[in-house]
Amino acid sequence: MKKKHFSTIYLVLVFLLLYIPIFYLIFYSFNKGGDMNRFTGFTWQHYLDLFADQRMLIIVLDTLLLALLSSLIATLVGTMGAIGIAARKQKKVKSALLTLNNVLMVSPDVIIGASFLILFTALGISLGFGSVLISHIAFSIPIVVLLVLPKVNEMDSSLINAAMDLGATRWQTFSRVIVPFIAPGIFSGFFMAFTYSLDDFAVTFFVTGNGFATLAVEIYSRARQGISLEINALSAVMFLFALILVVGYYFIEQYSQSRRKRKSGKSTLGTEVMLP
Amino acid sequence: MVKPIIELKNITKRYDDGFTALENIDLVIEPGKFYSLLGPSGSGKTTILRIIAGFTDATEGEVIFEGKKINDLPANQRKVNTVFQNYALFPHMDVFDNVAFGLTLKKRPEKEIRERVLNALKVVQLPGYANREISELSGGQQQRVAIARAIVNEPKVLLLDEPLSALDMKLRKDMQYELRELQQRLKITFIFVTHDQEEALAMSDEIFVMNDGKALQSGTPVDIYDEPINHFVANFIGESNILPGKMIKDFEVEFVGKKFECADAGMRSGEKVEVVLRPEDLDITTPEQGKLVVTVDTQLFRGDHFEIVGYDEDGNEWLIHSTNPVKDGKKIGLTFEPEDIHVMRFGEKEEDFDARLEQYEED
């Protein structure tokens, strides 16, 4: 019993430690006092400032667009890559390709960012939205590959044979059998790539030019100039956004599960009512 | 002579690493019959199926379908359908969509698809299962869906790759009857791959026995059981007592030091041979009346018979099936008819074997 108490307390402590800084930040975003030393009263002022800040709004939209584009393209390329790796017959080639993929996953962002900067300068590619997009796609692909690959491996090759046997062309086999089967992997790959792109700082910092900034880079540069509670307000909004994403993902999972169950006639009323 | 629907001519399959999976396979498949490819795992029987289906290429030889060479025809254009060992049902589709898959690809009208799919489900005795998910079905039901998915396309030939091996004993027996019945009703040619000799004997019109990538013997179940061509076939199909022997003259053979009248001929006098005696052909009698005398060592009750193991004076092991039990350690006599003895020559080819049999059976 005692042991159980201890583990609960430990868990609560860990979560408190992780979340306190964030809530501290959000708490002061409502501070009338303009700094984070003392809470002097409640205000929406910093939020009003934030939404009046046109530059900031453009950056937010840019960041979202960047994340969306890069994760879409990375999902496409990464899925093909995963299928390609899984199709290799020789074990050595397979593991070599996978290792190359994983090295990109674990290598420090700073290195990746710096090497991209060198590459872009050498090729004479001007820094801006394009260069950031390319680098985001590049570091997202390994993530997608890693998330899609298990699903591809899980698929029995006899499914492909069965599709062909029933008259499917290569394309029909791909679109009607392979893609639906690995779809869960593709979705989680896409979501992961999306979040990675959203909060990347290091790589973006290297390859972003003068005219273009993402949220992470912008917050960093503003935070360096001194404390503005507008940043706190922005953090609060972003936190909320992330929360919505997580909850949304949860409901999508629930939905697909309950749909599977409903078809089998085992669905519970509760989950259905909760669906949007 | 019926025109064959599928012919394999001199098919050889070699892999890049030099492994030969099939060697000079000749196969003639006539329409409307139930064929079994029988052999232990690794004998190449599934490879033959894959070559017919088009999942893999033959290194040498011709695959002929209705008189046309189809070596280069891709799998999706061949008029055969396959039932896979693990069923290979699409898990993201329900039963209806699985069965309808082939027809949907052919862009048949929706009404026709509906009719044909529901009909196919009725044929495999799963009416009312159309909207079930695959994961909800038992192994036997998945098996039926896999069959429905194949037959709904009205293939000329249905290839079945050990489709019953994952089912439990009782269900397997039931499915054997159903498959056989289904084949006779639909009049589709079935090519059935199995390593289970009982299954092959029970269901087939014709069996091809394979081992190590070679076709050893083909014939009706009765032919193969009664007249196995060599030691491997005799051993693999049913249980047997196989003993070294010597041909004295036509219709007389010597084994365990005694001469016996037999039904085989056409061999050299004094030729070394092997003699097969099936355990169920051995009748137990008193030691005085027996052609052979053995001492009972062990016996097992198998439900419908007793399986008795005994040793004769020379130490040869004898397997006997009897409906009545005997006492352990007791000496018993064994008797059998001349027709119960089957003589096999060493290294005889199937054509020579058939020719020799024909030669003296005509008399």
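Since this is a predicted model, take the numbers as computed values, not measurements. (Residues numbered from 1 in each chain as written. Chains lettered and ligands numbered in written order. Predicted model: local features only at pLDDT ≥ 70, side-chain atom pairs only at ≥ 80, totals over all residues. Heavy atoms only, no water.)

Side chains bearing opposite charge may pair, as long as their charged atoms lie close to each other. Across all of its chains, the model carries 25 salt bridges over all chains by this definition. Among the salt bridges present, the one from A:Arg222 reaches A:Glu230, with a minimum N-O distance of 3.3 Å. Of the two residues, A:Arg222 and A:Glu230, both sit in the buried class. Notably, a salt bridge pairs B:Arg172 with B:Asp196, separated by 3.8 Å at the nearest N-O pair. Of this pair, B:Arg172 sits in helix α5 (residues 169-186) while B:Asp196 is found in the loop between β8 (189-194) and α6 (197-203), placing the two residues 24 residues apart along the sequence. Across this residue pair, the class does not change: B:Arg172 and B:Asp196 are buried. (Salt bridge = Lys/Arg side-chain N within 4 Å of Asp/Glu carboxyl O. Buried < 20%, exposed > 50% of the residue type's maximum accessible area, 1.4 Å probe, protein only. Helix = DSSP H or I, 4+ residues; strand = E, 2+ residues; numbered from the N terminus.)

Moving on: the environment of A:Ser29. Residues and elements named next belong to chain A. One can find Ser 29 in the loop between α1 (2-28) and α2 (45-52). Beyond its immediate sequence surroundings of up to four residues, Ser 29 is in contact with Thr 43, His 46, Tyr 47, Asn 232, Ala 233 and Ala 236. In terms of polar contacts, Ser 29 uses its side chain to reach the side chain of Tyr 47, at 2.8 Å. (Contact = heavy atoms within 4.5 Å. Polar contact = N/O pair within 3.5 Å; in protein donor to acceptor, adjacent residues only side chain to side chain.)

Residues and elements named next belong to chain B. The phi torsion at Phe 251 lies on the positive side, around 65°, for a residue other than glycine. If you trace the backbone, Phe 251 turns up in the loop between β11 (241-249) and β12 (252-255). Given a relative accessible area of 39%, Phe 251 falls into the partly exposed group. Even without glycine at this site, Val 256 takes up a positive phi of about 40°. Looking at the secondary structure, you find Val 256 in the loop between β12 and β13 (258-261).

This paragraph deals with a nonpolar patch on the surface. Residue and element names in this part refer to chain A. On the surface, Phe 6, Tyr 10, Leu 11, Val 14, Phe 15, Leu 18, Tyr 19, Ile 22 and Phe 23 cluster together into a nonpolar patch covering about 910 Å² of accessible area. Position of Phe 6 among the secondary structure elements: in helix α1. The class of Phe 6 is exposed, set by a relative accessible area of 57%. (Patch = residues over 30% accessible without salt bridge, like charges linked within 9 Å, V, L, I, M, F, W, Y side chains within 5 Å. Areas by Shrake-Rupley, 256 points an atom, 1.4 Å probe, with all protein chains shown as cover.)

Looking now at the interface of chain A and chain B. Taken residue by residue, the interface counts 19 residues in chain A and 26 residues in chain B. Summed over both sides, the interface between chain A and chain B buries roughly 2000 Å², with carbon and sulfur atoms accounting for 59% of that surface. Area buried by chain A at its contact with chain B is led by A:Asp165, A:Leu166 and A:Arg176, which between them contribute 36% of it. Linking chain A to chain B there are zero salt bridges. At the boundary of chain A and chain B, one finds six residue pairs in polar contact (both at pLDDT 80 or more). Sorting the residues of the side of chain A that touches chain B by element identifies α7 (157-165) and α8 (170-198) of chain A as the ones contributing at least two each. Tallied by class, residues from the side of chain A that touches chain B come to nine nonpolar, six polar and four charged. (Buried area = accessible area lost by both parts, 1.4 Å probe. Nonpolar A, V, L, I, M, F, W, Y, C, P; charged D, E, K, R; others polar.)

Bringing the pairing of strand β20 (residues 341-345) of chain B into the picture now. Residue and element names in this part refer to chain B. Among the five residues in β20, four count as buried, and that is most of the element. One ladder, built from five bridges, connects strand β14 (residues 272-277) with β20; its direction is antiparallel. Each residue of the ladder has a partner; that of Val 276, found in β20, is His 342. (Pairing = 2+ DSSP bridges.)

The next thing to look at is a negative patch on the surface. Residues and elements named next belong to chain B. A contiguous patch of negative charge, built from Asp 26, Asp 223, Asp 226, Glu 351, Asp 352, Asp 354 and Glu 358, is present on the exposed surface. Among the secondary structure elements, those contributing two or more residues to the negative patch are α7 (221-226) and α9 (350-361). If one sorts the elements of the negative patch by residue count, α9 sits on top with four residues. Tracing the sequence through the fold places Glu 351 in helix α9. (Lys, Arg positive; Asp, Glu negative; His and termini not counted. Charge placed at Lys NZ, Arg CZ, Asp CG, Glu CD.)

Residues and elements named next belong to chain A. The interhelical angle for the contact between helix α4 (residues 91-106) and helix α6 (residues 129-154), taken along N-to-C directions, is 125°, at an axis separation of 9 Å. Here α6 runs oblique to α4, going by the angle between their axes. With respect to the hand of their crossing, α4 and α6 are arranged in left-handed fashion. Contacts between α4 and α6 pair Leu 98, Asn 101, Asn 102, Leu 104 and Met 105 from the former with Pro 142, Ile 143, Val 145, Leu 146 and Leu 149 from the latter. Taken together, the residues that form the contact of α4 with α6 break down as eight nonpolar, two polar and no charged. (Axes fitted to C-alpha atoms, helices over the stretch in contact; angles between N-to-C directions. Parallel < 35°, antiparallel > 145°, perpendicular 65-115°, else oblique. Left-handed = near helix turned anticlockwise from the far one by under 90°.)

Attention now moves to the environment of B:Phe84. Within the secondary structure, B:Phe84 is located in the loop between β6 (80-83) and α2 (95-105). Spatially, the C-alpha atoms of B:Phe84 and B:Leu137 are 16 Å apart, while their sequence positions differ by 53 residues. Discounting residues that sit within four places of it in the chain, B:Phe84 has contacts with A:Ser158, A:Asn161, A:Ala162, A:Asp165, B:Phe55, B:Arg149 and B:Asp161.

Moving on: the UniProt feature "domain: ABC transporter" (unreviewed entry) in chain B. When the UniProt feature table is mapped onto this chain numbering, "domain: ABC transporter" (unreviewed entry) sits at residues 6-237 of chain B. Taken end to end, residues 6-237 of chain B comprises 36% helix and 25% strand; its first and last C-alpha atoms sit 26 Å apart. (UniProt positions renumbered as here; feature names shortened; annotations may be inferred.)

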